[in-house]
Amino acid sequence: MRKQRGVYSLRSTRARVLCCAALCGVALLLAACVRAVTVEPAGFSGSAYGQPPASGTSDMPGSPGASGAQPPYVVALDAGHGGFDTGADALVQELSVCEQTVDLLYALLDSDPNYFPLRTRPNGEDRSIKDRAQTANDGNAQLLLSIHANSDVTTQQSHGFECFPTPPGRTHSEGAMRFALYIADRMGSAGHRLRGGNGVRFAYYNGKEKQIVDSTDDKVRTQRSFGIVERPDCPAVLVEQCFLTNPDDVAQWTGEAGCARAARIYYEAICAYFGTQPAASAA
Ligand SMILES: [Zn+2]
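Thresholds, definitions, all that
Numbers given to residues run from 1 along each chain, matching the order in which its sequence is written. Given that this is a predicted model, residues contribute local features only at a pLDDT of at least 70 and side-chain atom pairs are listed and counted only at 80 or more, while totals for whole chains, interfaces and linings are drawn from all residues. Among buried residues, those of type Ala, Val, Leu, Ile, Met, Phe, Trp, Tyr and Cys that are joined through C-beta atoms within 7 Å form a set called a nonpolar core. Residues are called buried when their C-beta atom has 20 or more other C-beta atoms within 10 Å, exposed when it has 12 or fewer, and partly exposed otherwise; all C-beta atoms are positioned from the backbone. Secondary structure elements follow DSSP: runs of H or I no shorter than four residues count as helices, runs of E no shorter than two count as strands, and numbering proceeds from the N terminus. We call two residues in contact if the C-beta atoms placed from their backbones are at most 7 Å apart. The rule for pairing is simple: two strands pair if DSSP sees at least two bridges between them. A fitted line through C-alpha atoms serves as each axis, taken over the contacting stretch for helices, and the angle formed by two N-to-C directions is quoted from 0 to 180°. The labels follow the angle: roughly parallel below 35 degrees, roughly antiparallel above 145, roughly perpendicular from 65 to 115, and oblique for the rest. By definition, any crossing whose near helix is turned counterclockwise from its far helix by less than a right angle is left-handed, and any crossing with a clockwise turn is right-handed. Amino acids outside the nonpolar list (Ala, Val, Leu, Ile, Met, Phe, Trp, Tyr, Cys, Pro) and the charged list (Asp, Glu, Lys, Arg) are all regarded as polar, and Gly is one of them.

**Some thoughts on the nonpolar core**
Counting residues in hydrophobic clusters, the biggest one holds 63 residues, and the most contacted among them are Val75, Ala180, Ile183, Val237 and Tyr266. Of the residues forming this core, the biggest block, eleven residues, is contributed by helix α8 (residues 255–274). Sequence-distant contacts of Ile183, that is, excluding residues within four places in its chain, are made with Cys163, Val237, Val239, Ile265, Tyr266 and Ala269.

Right, dumping it as structure tokens:
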């Protein structure tokens, strides 16, 4: 078969320009593919169908601001319980604390142009952990906060705050630890008792048995932690806001005022994590 001369010789200027444009297009496409592969950790599949204006890269542990990611930052808010799954039922119901705090934090982030909050589930609906993590990943979340509250059926004395970042040895453990420390430091400054020394701990499952270790134990373990801190393609922290079996914790950290205090602390910790200036407190 005889080939057209023009196809290979690129004699005309126009053909040359077109070809350069095509080559540049291919190069850009290749570069985009290489980048997509390098930012996507093994074992997790990101989605190309995220709705939020995720302008930056996946979150890098350490310094999101310096990694080139630009606001608005996408922050996934996970109410730890919903629908039929009401969580602990003590002096107040865990579900109400989760949803109320998420609602208040959502409002704070939504009114700050640096953030794009994303719910992992609508209020009142059951969603599996897998689905909630997938919702965060589909929305290109750069940080995830899962809100729970503790209970101790054996004694009313147990009280205080603790949180669980993505554990050591995982892709996003460093960023998650930094976020966890920002939260716990602020909880401590607000007068909350920090459990486990600094309020940050790791949780692991041996079968169905849960093992909790303090954050000083940074040994890398193969046992899985909570699904909501293992599955997201970004740093994730699960907080236990207070003990719903302790009257003082309930007075301080639940209800409209208590959840608002906690939401403000989470908001300021998110701002510290991404290096933005928090909006002035309405209170
Ligand atoms: Zn819970």
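Following the structure, the description resumes.
**Focus: unusual backbone geometry**
Of note, the bond from Pro71 into Pro72 is cis; its omega dihedral lies within 30 degrees of zero at 0°. A positive phi angle is found at Asn140, which is not glycine, with a value near 55°. Structurally, Asn140 can be placed in the loop between α4 (129–138) and β3 (143–150). Look at Asn140 and you get buried, because 26 C-beta atoms sit within 10 Å.

**Looking at α4**
Within α4 the residues assigned to the buried category are Arg132, Ala133, Thr135, Ala136 and Asn137. At its buried positions, α4 is contacted by β1 (73–79), β2 (115–119), β3 and α6 (227–230).

**Remarks on the pairing of strand β6 (residues 209–214)**
Successive residues of a regular strand alternate their side chains across the two faces of the sheet. Judged by how many residues are buried, β6 sits mostly at the surface: zero of six residues are covered. Bridging between strand β5 (residues 201–206) and β6 involves six bridges; their strand directions are antiparallel. If you follow Arg201 over to β6, its bridge partner there is Asp214. Counting the residues that bridge the hairpin from β5 to β6 gives two residues, and of these Gly207 lies at a positive phi of roughly 65°.

**Focus: the packing of helix α3 (residues 94–110) against α8**
Between α3 and α8, the shortest axis-to-axis distance is 9 Å and the interhelical angle comes to 50°. The angle between α3 and α8 places the two elements in the oblique class. Of the two possible hands of crossing, α3 and α8 adopt the one that is right-handed. Contact residues: Val97, Gln100, Thr101, Leu104, Leu105, Leu108 and Leu109 in α3; Cys259, Ala260, Ala262, Ala263, Tyr266 and Tyr267 in α8. Here the contact of α3 with α8 is composed, by residue class, of eleven nonpolar, two polar and no charged.

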